[in-house]
Amino acid sequence: MEKIEEFCEGLIREKGLELDEEEMKEAKRDMAERLLAQIQRAEIDALDEEKAKELAEKIDEMEPAQIEQFIADAGVDVEEEATTVAMRFRDLFLGNGR
């Protein structure tokens with residue numbers, strides 16, 4: 001989560017927003033939560049139908065780290081998914097929509 005918050009802070013600075021310390025903290029937290037949710041959705045969407053069904057059956061009993069491991073073990077390149085989503089998030093935030 002720390003890397004994601006650093007990424008978000010960089011975006012805020014790159015956009016030239018001037019926020020006080022508390023506003024920055026809140027903005028980073030909000031952006032990081034949104035970005036993380038988008039990354040998780042993309043990773044789940046990358047699962048094949050059988051693995052997605054299996055995850056749906058187990059997800060309520062799993063910790064976030066277990067979910068990540070399940071997705072990685074299913075053959076999803078989580079780093080690639082995260083990078084793709086982060087770059088799309090960046091483009092949208094900075095107004096460079098693709």
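Okay, so let's go over this structure. Treat the numbers as computed from the prediction; the structure is a model and nothing was measured.

1. Brief notes about the overall build of the protein chain
Line of reasoning, step 1. Assigned secondary structure in the protein chain consists of five helices and zero strands.
Line of reasoning, step 2. Ordered by position from the N terminus, the helices and strands of the protein chain form the series α-α-α-α-α.
Line of reasoning, step 3. Expressed as lengths along the three principal axes of its C-alpha atoms, the size of the protein chain is roughly 45 × 30 × 15 Å.
Line of reasoning, step 4. Within the protein chain, the proportion of its 98 residues that are buried is 27%.
Line of reasoning, step 5. Contacts in the protein chain between residues far apart in sequence, at least 24 positions, make up 61% of those at least 6 positions apart.

2. Here we look at the pattern of salt bridges
Line of reasoning, step 1. Per the counting criterion, the structure on display carries eight salt bridges.
Line of reasoning, step 2. Here E9 ties to K28 by a salt bridge, and the two come within 3.2 Å at their closest N and O atoms. One end of the pair, E9, is in helix α1 (residues 2–15); the other, K28, is in helix α2 (residues 21–45), with 19 residues separating them in the sequence.
Line of reasoning, step 3. Taking the relative accessible area as the measure of exposure, K28 reaches 18% and is therefore buried.

3. Section: the nonpolar core
Line of reasoning, step 1. By size, the foremost hydrophobic cluster in this structure holds 15 residues, and its most contacted members are I4, C8, M31, L35 and I39.
Line of reasoning, step 2. Looking at this core, the elements that each hand over two or more residues are α1, α2 and α5 (78–94).
Line of reasoning, step 3. Element by element, the count of residues in this core is highest for α2, at six residues.
Line of reasoning, step 4. If sequence neighbours within four positions are ignored, C8 has contacts with K28, M31, A32 and L35.
Line of reasoning, step 5. Core analysis: the next-biggest nonpolar cluster, separate from the first, contains eight residues, L47, M62, F70 and V76 among them.

4. Focus: a negative patch on the surface
Line of reasoning, step 1. Taken together, the side chains of D20, E21, E22, E23 and E26 make up a negatively charged region of the molecular surface.
Line of reasoning, step 2. With respect to the helices and strands, E21 occurs in helix α2.
Line of reasoning, step 3. According to the relative accessible area criterion, E21 is exposed, its value standing at 73%.

5. Observations concerning the packing of aromatic side chains
Line of reasoning, step 1. Applying the stated rule across the entire model yields zero aromatic pairs.
Line of reasoning, step 2. If you follow K15 out to its NZ or CZ, it ends over the ring of F93, 5.1 Å from the centre.

Conventions used here
Residues numbered from 1 in each chain as written. Predicted model: local features only at pLDDT ≥ 70, side-chain atom pairs only at ≥ 80, totals over all residues. Heavy atoms only, no water. Helix = DSSP H or I, 4+ residues; strand = E, 2+ residues; numbered from the N terminus. Buried < 20%, exposed > 50% of the residue type's maximum accessible area, 1.4 Å probe, protein only. Contact = heavy atoms within 4.5 Å. Salt bridge = Lys/Arg side-chain N within 4 Å of Asp/Glu carboxyl O. Core = buried A, V, L, I, M, F, W, Y, C linked by side-chain atoms within 4.5 Å. Patch = residues over 30% accessible without salt bridge, like charges linked within 9 Å, V, L, I, M, F, W, Y side chains within 5 Å. Areas by Shrake-Rupley, 256 points an atom, 1.4 Å probe, with all protein chains shown as cover. Lys, Arg positive; Asp, Glu negative; His and termini not counted. Charge placed at Lys NZ, Arg CZ, Asp CG, Glu CD. Phe/Tyr/Trp six-rings, centres within 6.5 Å; stacked < 30°, edge-to-face > 60°. Lys NZ or Arg CZ within 6 Å of the ring centre and 35° of its normal.

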